[in-house]
Protein chains: 2
Amino acid sequence: MSQLNSLLNITKTKKSRLEEVDFDNLQFGKNYADHMMYCDYIDGEWQKPVIAPYGPMSFEPSVKVFHYGQAVFEGMKAFKDDHDDVWLFRPEDNLNRINISSKRMAIPEFPKEYFMESLKTLMQLDKDWVKKGQGNSLYIRPFAIATEPGVSASESNQYRFMIITCPAKAYYSKPVKVLIAQDYSRSADGGVGYAKAAGNYGAQFYPTKLAKEKGLDQIIWTDANTHQYMEEAGTMNIFFRINDKLLTAPTNDRILDGITRRSIIQLAKDEGLDVEIDRVEVKRIIDAAKAGELKEIFGAGTAATIVAVEGFEYDDTYYDLPEMKDSFGMHFKKRLQDIQYNRAEDPHNWRFKI
Amino acid sequence: MSQLNSLLNITKTKKSRLEEVDFDNLQFGKNYADHMMYCDYIDGEWQKPVIAPYGPMSFEPSVKVFHYGQAVFEGMKAFKDDHDDVWLFRPEDNLNRINISSKRMAIPEFPKEYFMESLKTLMQLDKDWVKKGQGNSLYIRPFAIATEPGVSASESNQYRFMIITCPAKAYYSKPVKVLIAQDYSRSADGGVGYAKAAGNYGAQFYPTKLAKEKGLDQIIWTDANTHQYMEEAGTMNIFFRINDKLLTAPTNDRILDGITRRSIIQLAKDEGLDVEIDRVEVKRIIDAAKAGELKEIFGAGTAATIVAVEGFEYDDTYYDLPEMKDSFGMHFKKRLQDIQYNRAEDPHNWRFKI
Ligand SMILES: Cc1ncc(COP(=O)(O)O)c(C=O)c1O
Ligand SMILES: Cc1ncc(COP(=O)(O)O)c(C=O)c1O
């Protein structure tokens, strides 16, 4: 059934796939909601966005995204409150960031009204895919790919911007063990580390696989030049707590400017907490761990919200972290989720109602 | 028409598109030969490779290559000699290198016999797409992409290896002007710069666009840490000639181990030329340019073979290079092409007959 909207072309699914999904045993990223959005950039312009049933699409084997990784993405979530209202969290920050990423990857920026209107329409059409209850959400994946056929190494003249969504439970169910990187690295000065460029992620799979073979779950990347400063994890910014001070690295051209990170810093400042945003020397963390002053490390990102680090390996030594009763990480996780699920005041207007 | 081969499944095209192509006005990477190869990795195994007519394929919007740039590629060429025989140049080096790239990108290695048999079959089927004559070739693009649907940031369990080909004239028709990088960078220590990973290329489009706006054609990348050492260009290794000495950077984890580079070094050594493979300080090149001792700079890669640099910009100063009568670059270009087109002895067995 086709339906016209001033901004979008909408075709609804004939039959929802909702009943086929086992929501009690969700595997993250394996089930997609009924609808998706796609919008093509052709002849120098973004065409009218299309909302259509989720499904496969045809591409020439020569499209540039396959060869040159000219692609960017975002990750966001929709939450349902007890009154069945659906909320997004700081969606314009995701739009701004994908446009920052796109600029670095020579992809044209995507218009705000197309983005917001598509999100609203998708959330309305697929609202039954957003489940109530702590930890449940609909994960939203906007992305843009270079679709011009051509094997010469230059930017594409055609792109496709898409939004697909999938139901999610808590991404990491338990605390993680991490490796502090000393050999491999994630990004270079003057590179694309601050962008959610597709290739940044594929490049981490192999070092992460090696870390997993050692019984660790993830890597905390350090600066590529010296490996002396903590940067971030694969899909999370990282916070350290030394006694009652919260530390995190400043963003720069190697580190993603995370929205969860930014929100935690704001909440911590609201509470008068001592937050230090400065280069975090690995040595300082090791010394604090040895002195018993390193109280916690946690990762912050949309997928996981906040995930506790239970220990880390550095220089072939494994450091256990204490289990904290009054964990900062768990405190901010609750504060963020209370805002996201519309259970608490939202002093900074982060919630966005569908 | 289907035909069985012990190693491959072959379906030939019903109607060749050869006559539709204007070989006098070829745009590189815009026309694809009649056949392609694809081979899927499923359940831990590469399935039987398929040779089929070139054409579009269906992919889910969630396949990992779109989101995480888990993809690698190669570039090679087929040449036709005066007796209508078709030749490849060091094809096993390309296989070895794509497998090195794949390892770094957590992609399973591709079997040698599938690769060689596919190349032979494609070259036989599409031999009329390989045109005779200086500068003409069939460009061959093997690549592998992550095809598992799934938006969680981890390596794919499914891949597709493909080979597509397209007729090519000389890639760069004229000498280029280059920018010596001082702000942006191409790769980090401990990163993926030595791999032909898709994302390495998309990441260069924006800085290259900025260079083009200044009237320059390409960038010579320097090391990300200090920008004091010359590395390579976007798709070429770089050689410098100071008086009669040839200099080029050693390969490392930031620099692609080019087959053209390796071949030139061998030929230069065969001729008793003074070749220095060591870090090339930018300052040394600038000083040599000022002293009139910098005779030439040239890029070396499969697409271009060898391309002369006519001048470069560094620190907002443009340095012109002299026009050389006895250019090393043009000498090695001729020597390489004489081998590639079967016009000269091939002492190192680089030619591979189809
Ligand atoms: C590299 C990287 N760092 C940090 C984050 C966390 O950012 P956000 O809180 O906006 O999800 C992400 C995930 O988006 C990421 O990919
Ligand atoms: C980054 C980079 N450097 C150098 C080269 C040259 O390598 P080759 O001579 O094997 O084509 C290429 C092209 O393949 C490349 O992509």
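Residues numbered from 1 in each chain as written. Chains lettered and ligands numbered in written order. Predicted model: local features only at pLDDT ≥ 70, side-chain atom pairs only at ≥ 80, totals over all residues. Heavy atoms only, no water.

A. Highlighting the domain arrangement of chain A. Residue and element names in this part refer to chain A. What the domain assignment reports for chain A is domain 1 (2–168) and domain 2 (176–340). Computed from C-alpha coordinates alone, the two centres of domain 1 and domain 2 are separated by 28 Å. Each partner contributes to the interface: domain 1 provides 19 residues, whereas domain 2 provides 21 residues. Summing the contributions of domain 1 and of domain 2, the shared interface buries around 1800 Å²; its carbon and sulfur component is 60%. (Domains from an automatic or database assignment. Contact = heavy atoms within 4.5 Å. Buried area = accessible area lost by both parts, 1.4 Å probe.)

B. Layout of the interface of chain A and chain B. Facing the 63 residues of chain A at the interface are 63 residues of chain B. Around 5100 Å² of area is buried between chain A and chain B when both sides are counted, 61% of it from carbon and sulfur atoms. The largest share of the area that chain A buries against chain B comes from Pro61, Phe66 and Phe205 of chain A, three residues that together contribute 14% of it. Summed over the shared surface of chain A and chain B, the number is two salt bridges. Ionic pairing is found between lysine 30 of chain A and glutamate 148 of chain B, a salt bridge with its closest N-O pair at 2.8 Å. (Salt bridge = Lys/Arg side-chain N within 4 Å of Asp/Glu carboxyl O.)

C. Looking closely at the nonpolar core. In this structure, Phe66 of chain A together with Phe66 of chain B are the most contacted members of the largest nonpolar core, which totals 50 residues. Discounting residues that sit within four places of it in the chain, phenylalanine 66 of chain B has contacts with Phe59, Val65, Phe66, Ala71, Phe143, Ile145 and Ala198 of chain A together with Phe59, Glu60 and Pro61 of chain B. With 42 residues, the next largest nonpolar core counts Leu7, Cys39, Leu95 and Met105 of chain A among its residues. (Core = buried A, V, L, I, M, F, W, Y, C linked by side-chain atoms within 4.5 Å. Buried < 20%, exposed > 50% of the residue type's maximum accessible area, 1.4 Å probe, protein only.)

D. Representation of the site of ligand 1 within the structure. Residues and elements named next belong to chain A. Around ligand 1, the structure places 17 residues, and the nearest of them are Lys196, Tyr201, Glu232, Thr260 and Thr302. Between ligand 1 and arginine 97 there is a distance of 2.8 Å, counted from an oxygen atom to a side-chain nitrogen or oxygen. Within the side chain of glutamate 232, an N or O atom sits 2.5 Å from a nitrogen atom of ligand 1. Its free accessible area being 390 Å², ligand 1 has 97% of it covered by the protein chains. (Near = heavy atom within 4 Å. Polar contact = N/O pair within 3.5 Å; in protein donor to acceptor, adjacent residues only side chain to side chain. Areas by Shrake-Rupley, 256 points an atom, 1.4 Å probe, with all protein chains shown as cover.)

E. How the structure looks around the side chain of glutamate 313 of chain B. Residue and element names in this part refer to chain B. By the element assignment, glutamate 313 lies in strand E20 (residues 305–314). Separated by 2.7 Å, the side chains of glutamate 313 and lysine 214 make a polar contact. Those residues in contact with glutamate 313, other than ones at most four positions away along the chain, are Val178, Leu179, Ile180, Lys214, Leu216 and Tyr318. (Helix = DSSP H or I, 4+ residues; strand = E, 2+ residues; numbered from the N terminus.)

F. Molecular detail of the side chain of arginine 241 of chain A. Residue and element names in this part refer to chain A. Relative to the elements of secondary structure, arginine 241 occurs in strand E15 (residues 237–242). Accessibility expressed as a relative area gives 2% for arginine 241, which makes it buried. A distance of 3.2 Å separates a polar side-chain atom of arginine 241 from the backbone oxygen of aspartate 326. The residues contacting arginine 241, other than those within four sequence positions of it, are Leu246, Glu293, Leu294, Lys295, Glu296, Met324, Asp326, Ser327 and Phe328.

G. Structural detail: the packing of aromatic side chains. Residues and elements named next belong to chain A. Applying the stated rule across the entire model yields 43 aromatic pairs over all chains. Residues tyrosine 184 and tyrosine 206 carry aromatic rings whose centres are separated by 6.1 Å and whose planes lie at 90° to one another, so their mutual orientation is edge-to-face. Of this pair, tyrosine 184 sits in the loop between strand E12 (176–180) and helix H4 (198–213) while tyrosine 206 sits in helix H4, and the two are 22 residues apart along the sequence. Since its relative accessible area comes to 26%, tyrosine 184 is described here as partly exposed. Overall, the relative accessible area of 12% leaves tyrosine 206 in the buried class. Chaining the aromatic ring pairs together yields one cluster made of Tyr41, Trp46, Phe110, Tyr114, Phe115, Tyr159 and Phe161. (Phe/Tyr/Trp six-rings, centres within 6.5 Å; stacked < 30°, edge-to-face > 60°.)

H. Region of interest: helix H5 (residues 259–270) of chain A. Residues and elements named next belong to chain A. Between the first and last C-alpha of H5 there are 16 Å, a value that for 12 residues agrees with the 16 Å anticipated at 1.5 Å per step. Those residues of H5 not exposed but buried are Ile259, Thr260, Arg261, Ser263, Ile264, Ile265, Leu267 and Ala268. One or two residues past the end of H5 sits glycine 272, with phi positive at roughly 75°. (Expected span 1.5 Å × (residues − 1).)

I. Examining the environment of glycine 301 of chain A more closely. Within the element layout of this structure, glycine 301 of chain A appears in strand E19 (residues 294–301). Apart from the residues within four sequence positions on either side, glycine 301 of chain A is in contact with Thr235, Met236 and Thr260 of chain A.

J. Local environment of the site of ligand 2. Residue and element names in this part refer to chain B. Around ligand 2 there are 16 residues in total, and Lys196, Tyr201, Glu232, Thr260 and Thr302 lie nearest to it. Within the side chain of arginine 97, an N or O atom sits 2.8 Å from an oxygen atom of ligand 2. Here ligand 2 loses 97% of its free accessible area of 390 Å² to cover by the protein chains. Mapped onto the shell around ligand 2, the elements with two or more residues apiece are helix H5 (259–270) and strand E19 (294–301).

K. Quick look at the UniProt feature "modified residue: N6-(pyridoxal phosphate)lysine" (unreviewed entry) in chain A. Residue and element names in this part refer to chain A. In the numbering adopted here, UniProt assigns the feature "modified residue: N6-(pyridoxal phosphate)lysine" (unreviewed entry) to Lys196. Checked against the element boundaries, lysine 196 lands in the loop between E12 and H4. If sequence neighbours within four positions are ignored, lysine 196 has contacts with Ala71, Val72, Phe73, Glu74, Gly75, Arg97, Ser101, Tyr201 and Leu256. (UniProt positions renumbered as here; feature names shortened; annotations may be inferred.)

L. Summary view of the environment of glycine 55 of chain B. By the element assignment, glycine 55 of chain B lies in the loop between strand E5 (50–53) and strand E6 (57–59). What makes glycine 55 of chain B buried here is its relative accessible area of 11%. With residues near it in sequence (within four places) discarded, glycine 55 of chain B still touches Pro61 of chain A together with Met36 of chain B.

M. Quick peek at helix H4 (residues 198–213) of chain B. In this model H4 of chain B runs 24 Å from its N-terminal to its C-terminal C-alpha over 16 residues, within 8% of the 22 Å that 1.5 Å per residue would give. Along its length, H4 of chain B shows its largest kink, about 30°, at phenylalanine 205 of chain B, and proline proline 207 of chain B lies within four residues downstream of that point. Along H4 of chain B, the residues classified as buried are Ala198, Gly199, Asn200, Tyr201, Gly202, Ala203, Gln204, Phe205, Tyr206, Pro207, Thr208 and Ala211 of chain B. Here the buried face of H4 of chain B lies against helix H1 (64–68), helix H2 (91–104) and H4 of chain A together with strand E7 (71–73), strand E12 (176–180) and strand E13 (218–222) of chain B. (Bend = angle between axes of the 7 residues up to and from the residue.)

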